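Observations on chain architecture
One-letter residues, chain by chain:
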Number of protein chains: 2
Amino acid sequence: MTAPMRLLEIEIPAEWVDYNDHLNDAYHALAFSRAGDAFMERLGLGEAGRKASGRTVYTLGLIIRYLAEAKLGERIAVSLQVLEIDKKRVRFWLEARRVADDTLISTSEQVLICVDRTGERPRAADFPAEVAAKLEAVAADHAELAMPLEAGQGLTLRRRSASSVTP
Amino acid sequence: MTAPMRLLEIEIPAEWVDYNDHLNDAYHALAFSRAGDAFMERLGLGEAGRKASGRTVYTLGLIIRYLAEAKLGERIAVSLQVLEIDKKRVRFWLEARRVADDTLISTSEQVLICVDRTGERPRAADFPAEVAAKLEAVAADHAELAMPLEAGQGLTLRRRSASSVTP
């Protein structure tokens, strides 16, 4: 059975919690960012792969939707589903769930681009061949998964995407 | 002349910089989160206002678009434009610019909701009357500003919103 790729588990530390006594919005972003790093590691664009190829990834855009509160000391697990790829870019969907009861805490949709950093200025570049092959395999596998309902949507006060996430 | 509200300036510290030698994606989110806090302070929902009213704000969703790199030690300024409000929620647009040359580094669109934390569980609530009055005044002022081109859009590999932010 095809399933999203489980990438990491994090225990929420005190410095990630804000005046609302919950995981701060920006630290959801940090957990998702670390999951993205773990995904790149699996594709061969971790530290060694970046050094060998001179390529890395930059984030072009992301959306985070906050669905439930996460508290100090709770463990959250982040999983990833590839939505779309081309030669230079990948769009994926992340979900953070509370490990104890599998509650969905937040989702993130992200677009990353491969960048060549060996020149004078960083510039968009194709993924290295071995990375592209691995990415295509994951994308083909994940093509069997249902597209998340809110993927591709923006934020407004009027549409589903905002009103459905009232805590 | 109506202008977006300038909320804060931050100098990028070493711990916000990642293996790409630039401001990490999640720390753009942290800069924007602090700008949101500064906006709430101005509306009367800072620490004292939260204590007096028992109300606070939670972030329901956010989008960040990354447009240029920011480096260690650079100063960035964050400004805010209110896009839309109702009794419980506000949608606003943030821009982070490099102070030295006014380069637009990143933008963020966010939806926040007012929450009453005095009950057993946090629940959505109207903004306190004085906060709502201030928010309406800012929204009326900002209604004169042009709507940002990408406001309300989502992320894909195919549409303007993603392709226009290639570094």
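Read on for an overview of the structure.

What counts and how
Sequence positions are assigned chain by chain, starting from 1 and proceeding in written order. Here the convention is simple: chains get letters from A, ligands get numbers from 1, in the order in which they are written. Note on the predicted model: pLDDT of at least 70 is required for a residue's local features to be given, and 80 or more for side-chain atom pairs to be given and counted; whole-chain, interface and lining totals, by contrast, use all residues. Excluding hydrogens and water, the side-chain values take into account all heavy atoms of the structure. Helix numbering and strand numbering both begin at the N terminus, where a helix is a DSSP run of H or I of at least 4 residues and a strand a DSSP run of E of at least 2. Each radius of gyration reported is based on C-alpha atoms, and the globular scaling rule is 2.2 Å times the count of residues to the power 0.38. Partly exposed describes any residue whose relative accessible area lies between the buried limit of under 20% and the exposed limit of over 50%, with all areas from a 1.4 Å probe on protein chains only and scaled to the type maximum. When checking whether two residues touch, look at their non-hydrogen atoms; a contact exists if any pair is within 4.5 Å. Only Phe, Tyr and Trp rings are paired, with Trp represented by its six-membered ring, and only when their centres lie within 6.5 Å; those with planes under 30 degrees apart are stacked, over 60 edge-to-face, the remainder tilted. Only lysine NZ and arginine CZ atoms are considered, and such an atom sits over a ring when it is within 6 Å of the ring centre and within 35 degrees of the ring normal. Buried area adds together the accessible area that both of two parts lose upon being put together, with accessible area traced by a 1.4 Å probe. One side-chain nitrogen of Lys or Arg within 4 Å of one carboxyl oxygen of Asp or Glu is enough to make a salt bridge. For this analysis, a polar contact is any N or O atom pair within 3.5 Å, provided that within protein one partner can donate a hydrogen and the other can accept it, and provided that sequence-adjacent residues contribute only side-chain to side-chain pairs. The copies were overlaid with a least-squares fit restricted to C-alpha atoms from residues scoring a pLDDT of at least 70 in each copy. By nonpolar core is meant a set of buried Ala, Val, Leu, Ile, Met, Phe, Trp, Tyr and Cys residues that side-chain atoms within 4.5 Å join together. With axes taken as lines fitted to C-alpha atoms, and helix axes fitted only over the stretch in contact, angles between N-to-C directions fall between 0 and 180 degrees. Note on terminology: angles under 35 degrees are roughly parallel, angles over 145 are roughly antiparallel, angles of 65 to 115 are roughly perpendicular, and the others are oblique. All residues other than Ala, Val, Leu, Ile, Met, Phe, Trp, Tyr, Cys, Pro, Asp, Glu, Lys and Arg, Gly among them, are scored as polar; the first ten of these are nonpolar and the last four charged.

**What to know about the overall build of chain A**
- On a plain count of helices and strands, chain A comes out with four helices and six strands.
- Along chain A, helices (α) and strands (β) appear in the sequence β-α-α-β-β-β-β-β-α-α when read from the amino end.
- Here the C-alpha radius of gyration of chain A, 17 Å, is about what a compact globule of 167 residues would show, namely 15 Å.
- Oriented by its inertia axes, the alpha-carbon framework of chain A measures out at about 45 × 35 × 35 Å.
- Counting every position in chain A, which comprises 167 residues, the buried fraction comes to 58%.
- The contacts in chain A between residues at least 6 apart in sequence include a share of 67% that link residues at least 24 apart.

**Overview of the packing of aromatic side chains**
- Within this structure, the stated rule accounts for four aromatic pairs over all chains.
- Judged by centre distance (5.5 Å) and plane angle (25°), the rings of A:W16 and A:Y27 are stacked. Residue A:W16 is located in the loop between β1 (5–11) and α1 (25–43), and its partner A:Y27 is located in helix α1; the two are separated by eleven residues in the primary sequence. Residue A:W16 shares its accessibility class with A:Y27, and that shared class is buried.
- When the ring centre of B:Y19 is taken as reference, the NZ or CZ atom of A:R50 above it lies at 3.5 Å.

**Points about the interface of chain B and chain A**
- On the chain A side, the residues contacting the 50 residues of chain B number 50 residues.
- Buried area between chain B and chain A, both sides added, is near 4400 Å², and the carbon and sulfur share of it is 56%.
- For the chain B face of the interface with chain A, the top three residues by lost area are B:Y19, B:L155 and B:L157, together amounting to 18%.
- Applying the counting criterion to the chain B and chain A interface returns four salt bridges.
- The salt bridge involving A:R158 is made with B:E84; its shortest N-O contact spans 2.6 Å.
- At the junction of chain B and chain A, the tally comes to 26 residue pairs in polar contact (both at pLDDT 80 or more).
- At the level of secondary structure, the elements contributing two or more residues to the side of chain B that touches chain A comprise α1 (25–43), β2 (55–66), β3 (75–85), β4 (89–98), β5 (104–116) and α4 (160–163) of chain B.

**A word on the relation of the copies chain B and chain A**
- When chain B is fitted to chain A, the residual RMSD is 0.0 Å, and the transformation amounts to a turn of 180° plus an axial shift of 0.0 Å. Here the symmetry operator amounts to a two-fold rotation axis.
- Of all interface residues in chain B, 100% are interface residues in chain A too; the two copies therefore contact each other through one and the same surface.

**Quick word on the environment of B:L43**
Residue and element names in this part refer to chain B.
- Here L43 is to be found in helix α1.
- Residues L43 and G73, spaced 30 residues apart in sequence, show a C-alpha to C-alpha distance of 30 Å.
- Excluding its chain neighbours within four sequence positions, the residues that come into contact with L43 are V131, K134, L135 and V138.

**A word on the pattern of salt bridges**
Residues and elements named next belong to chain A.
- According to the stated counting rule, one finds 31 salt bridges over all chains in the structure shown.
- Of the charged contacts, one joins R91 and E84 as a salt bridge, the two residues approaching to 2.8 Å between their closest N and O atoms.
- Note on E84: relative accessible area 8%, which makes it buried.
- If you follow the salt bridges from partner to partner, you end up with R6, E9, E11 and R75 in one network.

**Looking at the nonpolar core**
- Counting 82 residues, the largest nonpolar core has A:F39, A:F127, B:F39 and B:F127 as its most contacted members.
- Not counting the four nearest positions on each side in its chain, A:F39 is found in contact with A:M5, A:L7, A:L80, A:V82, A:F92, A:L135 and A:V138.
- By size, the runner-up hydrophobic cluster in this structure holds 16 residues, among which are A:V111, B:Y58, B:L60 and B:I63.

**So, the environment of B:T59**
- Counting through the fold element by element, B:T59 comes out in strand β2.
- Put simply, B:T59 and B:C114 are 55 residues apart on the chain and 9.0 Å apart in space, counted from C-alpha to C-alpha.
- With residues near it in sequence (within four places) discarded, B:T59 still touches A:D25, A:Y66, B:V111 and B:L112.

**Focus: the packing of α1(A) against α1(B)**
- At a minimum axis distance of 8 Å, the contact between α1(A) and α1(B) shows a crossing angle of 175°. By the criterion of interaxial angle, the relationship of α1(A) to α1(B) is roughly antiparallel. Where α1(A) abuts α1(B), its residues A:D25, A:A26, A:Y27, A:A29, A:L30 and A:S33 lie against B:D25, B:A26, B:Y27, B:A29, B:L30 and B:S33.
- When the residues that make up the contact of α1(A) with α1(B) are grouped by side-chain class, the tally is eight nonpolar, two polar and two charged.

**Quick word on the environment of B:R121**
- Examined against the element boundaries, B:R121 turns out to sit in the loop between β5 and β6 (123–124).
- Separated by 41 residues in the primary sequence, B:R121 and B:L80 have C-alpha atoms spaced 30 Å apart.

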